[in-house]
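# Analysis of the macromolecular model
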Amino acid sequence: MNIKVFKGFEDLYLEKVEETNSWYYAQWTPCSEAYEVPDFKNNYPGTRLYFIKYPSGEVFEPVKQEKNVFLERPVYGQNEDSFGMIRYDFNNEVIQALLVKPECESVKVLTEVPFSKGGDMVNVRLITSPFALVKHDVHGDAVDFLWPEEMHLQLEENENLQFQEDGKLYTSKWIEEPDYREEIIIRSKENGSILERSPGYFRRMPDGSLWKMTR
């Protein structure tokens, strides 16, 4: 049996990055979400985030730890063949969307928006592909695009935006009554109108294909 030993990882949990078979990540942070950082009274030690390549086991840390800076979990973009990551800088009160290539230690700032655009910073995330910075309003069943364009999209109850592709927005919706079920909704990116609705759910696979699970 081939056993790889990763020193300093005893307290870190290794997680697979969705939509790729080659990359894992490990995140160290004393809090789980960015909105909790102010509780540290300007003394948050900073997030450490490692990329681990499979099967070689190489470890990369392209975005270094900084005091009062929270790093969100990475998102893999099929179209860009790169990772997107949100960086919350509480020193300068800005949210940055980063494009990261771990093996090259390449880090590019895609956009920078003030904290005021992120509101309470709950449910701010990057979707793919291409990358877009959005904020979900779970209680209001809506999503606001913050970058690369600003747009407000009203959704149906219990509907969540998953990703975009070729000018279309792919969402999932769950319904409880009379029996629990899920729906796939495809909307126009231009105006949010519904183009298609069908029962079931979908998964994006590492080769870029979309698997639709239905009756």
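Residues numbered from 1 in each chain as written. Predicted model: local features only at pLDDT ≥ 70, side-chain atom pairs only at ≥ 80, totals over all residues. Heavy atoms only, no water.

## Here we look at a nonpolar patch on the surface
- A cluster of nonpolar residues, Met-1, Ile-3 and Val-5, forms a patch on the protein surface that exposes about 450 Å² of accessible area.
- Along the chain, the position of Val-5 falls in the segment before strand E1 (14-16).
- Owing to a relative accessible area of 67%, Val-5 belongs among the exposed residues under this scheme. (Patch = residues over 30% accessible without salt bridge, like charges linked within 9 Å, V, L, I, M, F, W, Y side chains within 5 Å. Areas by Shrake-Rupley, 256 points an atom, 1.4 Å probe, with all protein chains shown as cover. Salt bridge = Lys/Arg side-chain N within 4 Å of Asp/Glu carboxyl O. Helix = DSSP H or I, 4+ residues; strand = E, 2+ residues; numbered from the N terminus. Buried < 20%, exposed > 50% of the residue type's maximum accessible area, 1.4 Å probe, protein only.)

## Looking at the pairing of strand E16 (residues 181-188)
- Of all eight residues in E16, six are buried; the element is thus mostly enclosed.
- When E16 meets strand E17 (residues 194-199), the two strands line up antiparallel, connected through five bridges. Counterpart to Ile-185 in the pairing with E17 is Arg-197.
- Counting the residues between successive antiparallel strands, the hairpin from E16 to E17 contains five residues, one of them, Gly-192, with a positive phi of roughly 80°. (Pairing = 2+ DSSP bridges.)

## What to know about the environment of Ser-116
- Note on placement: Ser-116 falls in helix H1 (residues 115-118).
- Sequence separation of Ser-116 and Val-94 is 22 residues, and the distance between their C-alpha atoms is 8.6 Å.

## What about the sheet that holds strand E14 (residues 159-165)?
- Sheet architecture is open: four strands sit in the order E14-E15-E16-E17, paired in antiparallel fashion. Two strands close off the open sheet at either side, each with one partner strand: E14 and E17. The sheet shows a mean angle of 20° between the axes of neighbouring strands, direction not considered. (Axes fitted to C-alpha atoms, helices over the stretch in contact; angles between N-to-C directions.)

## Points about the nonpolar core
- Ranked by size, the top nonpolar core spans 20 residues in total, and within it Phe-70, Ile-86, Tyr-88, Phe-90, Ile-95 and Leu-133 carry the most contacts.
- Elements that contribute at least two residues to this core include exactly strand E7 (82-89), strand E8 (94-101), strand E10 (124-127) and strand E12 (142-147).
- No other element matches the three residues that E8 contributes to this core.
- Look past the residues within four positions of Ile-86 in its chain and what remains in contact with it is Phe-70, Leu-71, Glu-72, Ile-95, Gln-96, Val-124, Arg-125, Leu-126 and Leu-133.
- Trp-23, Tyr-25, Phe-51 and Phe-60 belong to the second largest nonpolar core, which has 14 residues in total. (Core = buried A, V, L, I, M, F, W, Y, C linked by side-chain atoms within 4.5 Å. Contact = heavy atoms within 4.5 Å.)

## Re the sheet that holds strand E4 (residues 59-60)
- One open sheet holds the four strands; their spatial order is E1-E2-E3-E4, and the pairing between them is antiparallel. The open sheet has two free edges, formed respectively by E1 and E4, since each of these has just one partner strand.
- For E1 and strand E2 (residues 23-28), the ladder comprises three bridges, and the chain directions are antiparallel. Bridge pairing in E2 places Glu-15 opposite Tyr-25.

## What about unusual backbone geometry?
- Here the residue pair Tyr-54 and Pro-55 is connected by a cis peptide bond, since its omega of 10° sits within 30 degrees of zero.
- Relative to the helices and strands, Pro-55 resides in the loop between strand E3 (48-53) and E4.
- Thr-128 connects to Ser-129 through a cis peptide bond whose omega is -15°.
- Counting through the fold element by element, Ser-129 comes out in the loop between E10 and strand E11 (132-137).
- Phi at Asn-68 takes a positive value of approximately 65°, unusual for a residue other than glycine.
- Relative to the helices and strands, Asn-68 is located in the loop between E4 and strand E5 (69-71).
- Taking the relative accessible area as the measure of exposure, Asn-68 reaches 4% and is therefore buried.
- Positive phi, close to 65°, is recorded for Asn-123, a residue that is not glycine.
- Here Asn-123 lies in the loop between H1 and E10.
- For Asn-123, a relative accessible area of 38% corresponds to the partly exposed category.

## What about the pairing of E14?
- Of the strand pairs in this sheet, E14 and strand E15 (residues 168-175) are connected by six bridges, and their pairing is antiparallel. Its bridge partner being in E15, Glu-165 is matched across the sheet by Lys-168.
- Taken together, E14 and the strand that follows it, E15, pair antiparallel across an intervening segment of two residues, in which Asp-166 is found at a positive phi of about 50°.

## Describing the side chain of Asp-141
- Here Asp-141 shows up in the loop between E11 and E12.
- It turns out Asp-141 is buried and unbridged, and the closest side chain with the opposite charge, Lys-173, is 8.8 Å from it.
- Dropping the residues within four chain positions of it, Asp-141 is found in contact with Gln-154, Leu-155, Glu-156, Glu-157, Asn-158 and Glu-159. (Lys, Arg positive; Asp, Glu negative; His and termini not counted.)

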